[in-house]
Amino acid sequence: MAPAITLAADAPTLSSANTGFMLICSALVMLMTPGLAFFYGGMVRVKSTLNMLMMSFISLGIVTILWVLYGFSLAFGTDSGSLIGWNSDWVGLSDIGLTELWDGYTIPVFVFLVFQLMFAVLTPALISGALADRVKFSAWALFITLWATIVYFPVAHWVWGAGGWAFELGVIDFAGGTAVHINAGAAALGVILVIGKRVGFKKDPMRPHSLPLVMLGAGLLWFGWFGFNAGSWLGNDDGVGALMFVNTQVATAAAVLGWLAYEKIRHGAFTTLGAASGAVSGLVAITPAGGAVSPLGAIAVGAIAGVLCAMAVGLKYRFGYDDSLDVVGVHLVGGILGSLLIGFFATGKGQSDVAGLFYGGGLDQLWKQCAGVFAVLAYSLVVSAVLAFLLDRTIGMRVSEDEEVAGIDQAEHAETAYDFSGAGGGAARTTAVPVPVAGTASKKVDA
């Protein structure tokens, strides 16, 4: 994703095909945020549905404005110390020509920046699933603002920006294993360690209220992820984007099967929630790796992620951290697996000639992947925990216990997801309603 150095004689020209392709991919990635909202919204209890939807949707508003004002400049501007970027011409997106090309590519700067904007929007929304049922909406909005500025924009520069230390080191992250998923998963863990558990954690049943909504959300995520992954090559003149598209499908399918197999062996049933979660774990794991591995490698990446992420979601009960919707188990663990498995399964025939251990490349790439993974994990975990602590001690991060028990939707949004007031049925109360019947004054009917 970073600029490439080209000779003037070989300078690329605008490609309408690649430009159109990237605009479609940008729209697909935008769809992932509403898809995530439905996925998370179905997994919570009825009384938290709207709040869960809103925690994703608000990111579309806040991060878009931040990106225009300074986010794009911080993430992709001229490098400073391998840690952050800056370009004053990009502040407010001023002084960008309509046909000005992103360095080394055949698409306009505006197309690149809007594609990357959708990544920036989605990433903090991923964190919200870990915080279900208990966070003030105003505090969440402020957290997004601070986190995007202090964590996401710098990390995006490390990984994808020209001059970023991870980019220069040679860390492979095709579409966001470190910058998106490990970043969000580590942030989720940092915040929940500060704000604590939900009322009734490990005591009350907290089952999903709408599994069809979960499956709808998973389907939208799967669909949008093709733009998220294949679009990250910024065109498809050499077939690498097509490889990524194929590997996205293959790894996701393998992860669904892996998760369901583990679930059947461990719990005795194939669940729809498991299928949806398995799909997301596969999508997460192939995100960094799909341009470097073969389709057979993608099967291995997906299957490993499906099984190990299914195992990881149970760790919250063992260690006592309340990750409401398994952001840590799926996104953090899946991102780590996908990023590290590059060091084993990279073929040297995809996005670059870098080969992994199983293809004769030794351990060189694996240690680079480890450096990227654990640096992003540590930075995001610590800074996110500090931000949550400061917000909790100032404006307060959590709603009151009474509001949490009664329902955060009503407390924070003055709405409920479903209105049953007009619903009838056999369980409804009976009231005396006058019905004209020959020879009688009235009779009782169900209201």
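The shown structure was predicted, so the numbers you read here are calculated from the model rather than taken from an experiment.

Draft legend 1. Layout of the overall build of the protein chain. Scanning the protein chain from N- to C-terminus turns up 15 helices and four strands. Radius of gyration (C-alpha) of the protein chain: 24 Å, near the 22 Å computed for a compact globule of 447 residues. Taking the principal axes of its C-alpha atoms as reference, the protein chain extends roughly 100 × 50 × 50 Å. The buried share among the 447 residues of the protein chain stands at 54%. Split by element, the accessible area of the protein chain, about 18,000 Å² in all, is 66% carbon and sulfur. When the 20 positive and 28 negative side-chain charges of the protein chain are each reduced to one mean point, those points stand 19 Å apart.

Draft legend 2. Spotlight on the layout of surface pockets. Taken as a whole, the largest pocket spans an internal volume of roughly 810 Å³. In terms of lining residues, the largest pocket is bounded by 32 residues, among which V313, G314, K316, Y317 and D326 are the most central. Among the elements that take part in the lining of the largest pocket, helix α8 (residues 240-267) stands out by supplying five residues, more than any other. Considering only residue class, the lining of the largest pocket consists of 16 nonpolar, five polar and eleven charged.

Draft legend 3. The arrangement of the nonpolar core in detail. One finds F72 and L131 to be the most contacted residues of the largest nonpolar core, which totals 121 residues. Per-element accounting of this core gives the leading share, 15 residues, to helix α4 (residues 137-160).

Draft legend 4. Quick peek at the side chain of N18. Within the secondary structure, N18 sits in helix α1 (residues 16-43). There is a polar contact of 3.5 Å between the side chain of N18 and the backbone nitrogen of N236. Among all residues touching N18, those that are not within four sequence positions of it are T106, I107, G235, N236 and D237.

Conventions used here
Residues numbered from 1 in each chain as written. Predicted model: local features only at pLDDT ≥ 70, side-chain atom pairs only at ≥ 80, totals over all residues. Heavy atoms only, no water. Helix = DSSP H or I, 4+ residues; strand = E, 2+ residues; numbered from the N terminus. Rg over C-alpha atoms; globule rule 2.2 N^0.38 Å. Buried < 20%, exposed > 50% of the residue type's maximum accessible area, 1.4 Å probe, protein only. Areas by Shrake-Rupley, 256 points an atom, 1.4 Å probe, with all protein chains shown as cover. Lys, Arg positive; Asp, Glu negative; His and termini not counted. Charge placed at Lys NZ, Arg CZ, Asp CG, Glu CD. 1 Å grid on protein atoms, 1.4 Å probe; cavity = no way out; pocket = protein on both sides within 12 Å on 5 of 7 lines; lining within 4 Å. Points joined across faces, edges and corners; volume = space filled by probe spheres on them. Nonpolar A, V, L, I, M, F, W, Y, C, P; charged D, E, K, R; others polar. Core = buried A, V, L, I, M, F, W, Y, C linked by side-chain atoms within 4.5 Å. Polar contact = N/O pair within 3.5 Å; in protein donor to acceptor, adjacent residues only side chain to side chain. Contact = heavy atoms within 4.5 Å.

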